[in-house]
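# Observations on chain architecture
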Amino acid sequence: MINAVNNPVWSGTWVAERLGVELVGDDKLTDLLGLALRRNPKRAHLLVSNVLGKHVPQSPSVVYGYGFALGRRVRELLGAEEAARAVVLGYAETATGLGHSVADGVGLAPYLHSTRRPVASVAPAGGFEESHSHATSHLLLPEDPALLVGDGPLVLVDDEFSTGNTVLNTIRDLQGRYPRRRYVVVALVDMRSAADLGRLEAFAREIGARVDLVAAASGTVRLPHGVLERGQELVAQYEAESAAIGGRSSAGPAPTGPHSDDSRNHPAPTRVDLCWPRGLPDGGRHGFTPSHRARLDNALPAMAARLAEALPADARRVLVLGFEELMYAPLRLARELEQVADAQVRYSTTTRSPVLAVDDPGYAIRSRIVFPAHDDPADGPGERYAYNVAGAGFDAVVAVVDSAADTPELHAPDGLLAQLAAHTPHVLLAVVPSYVPEPLYVPERPAMLPEPLRGPAFSSYPPEEVGWLLQDLSDVTLEAPTEEREEAIQSGGAHYAESLPVEYQPSEQYQELFHAALEESAARLALAVGAVTEIVLAERSPRPVLVSLARAGTPVGVLMRRWAQFRHGLDLPHYAVSIVRGRGIDANALRWLAAHHDPSDVVFVDGWTGKGAITRELADAIKEFEASDGITGFDPEIAVLADPGSCVRTYGTREDFLIPSACLNSTVSGLISRTVLRADLVGPHDFHGAKFYRELAGADVSVDFLDAVAARFPEVADAVATQVKELLSGDREPTWEGWAAVERISEEYGIHDVNLVKPGVGETTRVLLRRVPWKILARAGAGADLDHVRLLAEQRGVPVEEVAELPYTCVGLIHPKYTRGATGADGKAVNV
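Keep in mind that this is a model prediction, so the values were computed, not measured.

In this section: the overall build of the chain. Helix and strand content of the chain: 23 helices and 32 strands. Within the span of the chain, comprising 832 residues, buried residues form 59% of the whole. Contacts in the chain between residues at least 24 apart in sequence constitute 77% of all its contacts with a sequence separation of at least 6. Carbon and sulfur atoms make up 50% of the accessible area of the chain, which totals about 31,900 Å².

Below you can see the structure in the form of C-alpha cells.
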C-alpha cells in the first residue's frame, strides 16, 4: 500500500469523483486534508486531516509543530499579558492532543479537554453535545473547580471549524456559568460555508463578548444535493463487498508472510515500563498546568530512551499508536523518540469514529483494523478502529494506553494488540497511569440512595424513556373511596399524600372521548412539545436533564425527550420525581440528581400551570434545599406545555386547551399512582413512594398517547421553528394573571379560599376524577375541549355553569360545605 502521507495522488480524489464533493480554498488545503466516507447516518463525508495524528500516521514533529504554531499565533493575537491569563480547552476525542500542543504554544496557559469518560470523584463543570458526531456527550471534569472561573480569554481548540455548532454551544454554555469578555477559536482548518461565515460575529454580539478565529488554512466543502443518501449507498455497497470476500476490502490489504496466521498464535507484546512520573496527569482530562508541562518535559528524554532501547535493532519504520483521548502523551513520546531512534517514526491514534476503508491511492483511509473497546466505556462496549496501520509496512508498533485501558479486552485474541500483531513483526505496549483526582471532600455518610426505577419492572414506559426516583409501594394498600379517604384526612388532620384515591375506571363512552380528543389535539400538542423543548435547549442548557414532576409531568417529559431525539439526535436523560403540596419536592431525589448530574442542567417539567401553586411550591422547596444541603444550581422555574396562568417563562403555549393526558389517571401515565409521603413508609433517607398498577395493563394507553403525539412531529417542525422564534423574541415574563383570576372567582362565589378553585382544563378534570366537586364554570362557547368535562360532570351530577368572561376555558370549584375532600395550602383538610 502507498504511504498515505507521501501519496502523490490527492487522498480526496476517490470521494470527489464518486460523490461530486469539492474542496475549495487555500492552496495548501489539499495537503492538509483528504476525504473519506463516514459510516454514520448524520454525515456522508469525513475530512481526514494529514497533520492531526488521528487517522493518518504522520511525523510527530509535524503534528506537534502545527498545534504549537497555532498556539504562538494565539499568543501574538492576545499579547503576552492576556495570554498569561488564558485557559485552553480542547475537544475529545480528535483534538485533545492538538489542544494540548496549542496550550504549549500559548505558553503559560493551563489546559483542559472535554471527555467522554465520567469520573465519579470529579463533579462536572459543564457539558455539551456534538450534534453530527457518532458519540456526542462531552463532559468537562477539571480537578480544580476554579480552572474555568475568571475573566481571562478562553481558547477553544478543535481540528476543524465547519458549522461552528459545537464550539458555539460550548461558549454559550460556559458564558452562562463563567462569563468572560473574550474567546479565541482555534482550528487546523476553517471550513465554514458562506452561510455560516457571519454566525461568529452575530454570536459574539449576542453574548456580548469578543470571539476571534485562528486557523492554519481555510476553505469550504461543496456538497451536491443528495450526497448523504449517495454516500450511504456507497458505504453499503463496499461493506457488502467486504463481507463477501472476508473483510479484505474494508480492512485493506490482507497480511502476508510469517505474520498472516491467526492472531492467537502471535507472541505477547513487549511491555515497556516508562517510569512515568508519579502524580503527573496523563493528559488534560482533569486539567494540565504549566508546572505539569515542566515535569513532563524533564521526564521525556529518559522515557523515550527506554522506548528506543526496547525497539528491535533492525526496525526502520516505527508507529507510536495512541489511544482515543490519550493523544498528547503518545505524541510527545513519539516526538522525543523521533530525535533519538535510528528509524522513521510516525504517530497516530485509535478512534471511535466509524469510517469506510478503501484501498485506493485517492482515498484517505486505506485500511482499517477493528477491535473491541477495552476501557469499559460509559456508553457500553462497541467497535474501535485503527486506520492506515494495516499494510503500511511498520516494523514495530508501540501501543500507548492509559492504565484504565490495560484490560483483558486489550489482550484478548480479538483485541487491539493481537490485531496489530497480524500486521507488524513487533508490538510494544507502554502503559501510562490513569490520573484520577482525589475527591475534594468525603461525604459524612455514604450515598445509600438506589438507582431509579424503570419499566417494565416499574411502569409501562420503556426503560430508556424515564427513570423514576421513587420507591415501589405496589404491595401496600393505600386506596380508599373518596368520601372515606377525605373523612380520615379531616378527622385526623392527615395529609392528602398519605393515602391514594381509588383509580377512576373510565366508561366506554369516556374512553371514546379520550381517543377522539387525542386525535383532535395531537398536532397542537406536538407543536407545544416542540416549542417548549426548543426553548429549553436555547435558554436553559444544550444538554438538559429533564426532571418531570410525577405524575402529570411525566408524559410531557417523555415527549420532550422524544422531540430532542427527533429534531437534534439528542439522547436526553429523563427522571420523574415527587413534589407534594405543603411538603415540597423530594430532597433525596435532588441529592441523587446532584450526585449524578450538574444541577444547572436540570430542567423541571410539568404538564400545565393552573394558578401557579406548584410553581411557588417548587421555588420555596429549592431555597430550603439549598439552605439545608449547601447544594446550589437547581433552577426552580418549571417548563410546561401550557401556561394559561402566566406563571412561568418556559412554555409551549399560554392557551388553555385540553391535554388528553389530563383525562385519565395512571392509565395514561405509565400505570403509576400519585406519589405517597407517609412517615411509616418513607424514611428520612428514602425516595417518596408510588404504586405500579400492573393489574390495569389492559386499559393502559400510556405509550399510545406518546406515539400519537410523536407521530405528528414531522408535520409541525416548520410551525415549531416559527413559534419558537416568536416566543424567544416576545415578552414571556409571568404576569400571574391566573392567580389574580382565581382570587376574584373565590370571592365572587363566596368560597374565600383560593385552594378550592382549580383553574384550567387539566385541573378541572382532576377535580372531577379525584374530589367531590361543587360546580364547574365553563367559558361560554368552549367546544370539544370540554366534552370530557361535561360527560364527567353529568356522571357525577355536578352542574356546569357557562360564564361569559372567564380567563380559563373552565374552572372547577370545591366548596367545604359540600365536601370533606377540600384541602388547603398545607395539604390538610380545610375545616368549615
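After that view of the structure, there is still more to cover.
Below, the discussion takes up unusual backbone geometry. Going from Gly 455 to Pro 456, the amide bond is cis rather than trans, its omega being 0°. The topology assignment puts Pro 456 in the loop between β17 (426-432) and β18 (467-468). In this chain, Ala 550 is followed by Arg 551 through a cis amide linkage whose omega measures 5°. Inspection of the secondary structure assignment puts Arg 551 in the loop between β22 (545-550) and α16 (553-568).

Within the secondary structure layout, Val 789 lies in helix α23 (residues 787-796). Judged by relative accessible area, which is 2%, Val 789 ranks as buried. For the pair formed by Val 789 and Ile 776, sequence separation is 13 residues and the distance between their alpha carbons is 8.6 Å. Those residues in contact with Val 789 that lie beyond four places of it in its chain are Thr 764, Thr 765, Leu 768 and Ile 776.

This part covers the pattern of salt bridges. For the coordinates displayed, the defined rule picks out 39 salt bridges. As a salt-bridge pair, Arg 18 and Glu 17 come within 3.9 Å of each other at their nearest N and O atoms. Residue classification places Arg 18 among the partly exposed positions, given a relative accessible area of 34%. Across the pair Arg 117 and Asp 402 runs a salt bridge, and its minimum N-O distance is 3.0 Å.

Read from one edge to the other, the open sheet built from six strands follows the order β1-β10-β9-β8-β4-β5, with strand pairing classed as mixed. Every other strand in the sheet has two partners, leaving β1 (22-25) and β5 (111-113) as the edge strands with one partner each. Each strand of the sheet is rotated relative to its neighbour by a mean of 25°, with strand direction disregarded. Strand direction decides the pairing type here: strand β8 (residues 154-161) and strand β9 (residues 182-190), joined by seven bridges, are parallel. In the sheet register, Val 155 faces β9, and the bridge partner there is Val 184. The sheet strands contacting helix α6 (residues 165-177) are β4 (87-90), β8, β9 and β10 (210-222), and the helix crosses β9 at an angle near 165°. Contacting β8, β9 and β10, helix α7 (residues 199-207) crosses the sheet at an angle of about 155° to β10.

Scoring rules and cut-offs
- Residues numbered from 1 in each chain as written.
- Predicted model: local features only at pLDDT ≥ 70, side-chain atom pairs only at ≥ 80, totals over all residues.
- Heavy atoms only, no water.
- Helix = DSSP H or I, 4+ residues; strand = E, 2+ residues; numbered from the N terminus.
- Buried < 20%, exposed > 50% of the residue type's maximum accessible area, 1.4 Å probe, protein only.
- Contact = heavy atoms within 4.5 Å.
- Areas by Shrake-Rupley, 256 points an atom, 1.4 Å probe, with all protein chains shown as cover.
- Salt bridge = Lys/Arg side-chain N within 4 Å of Asp/Glu carboxyl O.
- Pairing = 2+ DSSP bridges.
- Axes fitted to C-alpha atoms, helices over the stretch in contact; angles between N-to-C directions.

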